[in-house]
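Report on the structure
The primary structure of each chain is shown beneath.
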Amino acid sequence: MTIGKLIYSLIDNIESFICRSLLATFVVILFIQIISRQVFNHSIAWSEELSTYMFVWFVYFGASYATKLAAHNRVTFQFKLFPPKFAVVSEALADLIWVGFNCYFVFLSYDFVFNKMNLFWKSQTLGVPMKYIYMILPIAFTLMTIRIIQVNYYKLIKGIDIRDPESLEVEKLIESSDKETQSN
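Residues numbered from 1 in each chain as written. Predicted model: local features only at pLDDT ≥ 70, side-chain atom pairs only at ≥ 80, totals over all residues. Heavy atoms only, no water.

A short note on the side chain of S109
Locating S109 in the fold gives a position in helix α4 (residues 84-116). Looking at S109, its side chain comes within polar contact range of the main-chain oxygen of V106, at 3.2 Å. In contact with S109, other than residues within four places in its own chain, are L137 and P138. (Helix = DSSP H or I, 4+ residues; strand = E, 2+ residues; numbered from the N terminus. Polar contact = N/O pair within 3.5 Å; in protein donor to acceptor, adjacent residues only side chain to side chain. Contact = heavy atoms within 4.5 Å.)

Quick look at helix α6 (residues 136-157)
Since there are 3.6 residues in each turn of an α-helix, residues three or four apart along the chain are aligned in direction. With 22 residues, α6 should cover 32 Å at 1.5 Å per step; its first-to-last C-alpha distance of 30 Å lies within 8% of that length. Remark: G159 follows α6 within two positions and exhibits a positive phi of approximately 75 degrees. (Expected span 1.5 Å × (residues − 1).)

Concerning the side chain of N102
With respect to the helices and strands, the residue N102 is situated in helix α4. Dropping the residues within four chain positions of it, N102 is found in contact with F141, M144, T145 and I148.

A word on the packing of helix α1 (residues 3-40) against α6
For any two helices packed against each other, the geometry comes down to the angle between their axes and how far apart the axes lie. Interhelical geometry of α1 versus α6 gives an angle of 130 degrees and a closest axis separation of 12 Å. By the angle between their directions, the pair α1 and α6 is classed as oblique. Judged by the sense of rotation from one axis to the other, the crossing of α1 with α6 is left-handed. Contacts between α1 and α6 pair Y8, I11, D12 and E15 from the former with L143, I146, R147 and Q150 from the latter. Split by residue class, the contact of α1 with α6 holds four nonpolar, one polar and three charged. (Axes fitted to C-alpha atoms, helices over the stretch in contact; angles between N-to-C directions. Parallel < 35°, antiparallel > 145°, perpendicular 65-115°, else oblique. Left-handed = near helix turned anticlockwise from the far one by under 90°. Nonpolar A, V, L, I, M, F, W, Y, C, P; charged D, E, K, R; others polar.)

Next comes the structure, spelled out in structure tokens:
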């Protein structure tokens, strides 16, 4: 196994584990909060804030994972109207612009978290420095950039078409519908 594959495998596994752990944990915390309120008439003050921050982290890690699957919301219909080679180049250019945006956002969020954020800003009930909450921004956009590069490497260099699993299912349904129409 090459170093590159090992790094991508490590990122894949860590990202997947973090996503699943965050989802399970914030759902359990919210469930305990609901039971506590309804059954015991007692509210756990920190639970809503913690679950909110965990949800935000989950969403950003999920966005990175969606990028890996090429399942991000994006307009691709116009690419189907282009000749195949021009469509590939257009998609690659769009992804290059996306990488540029991500890099700029990583720079801005890193600058905000490490240089401009007040060290004394803390979350209201947990008392955790907000710097740690906002760390997800440079982390997630860096991961998304890596994923965009990874998908384009597979698509442009290796010739492997990585597409959204749902769009593949839709294409299969359309093809089977077309075959049924042609046979009738």
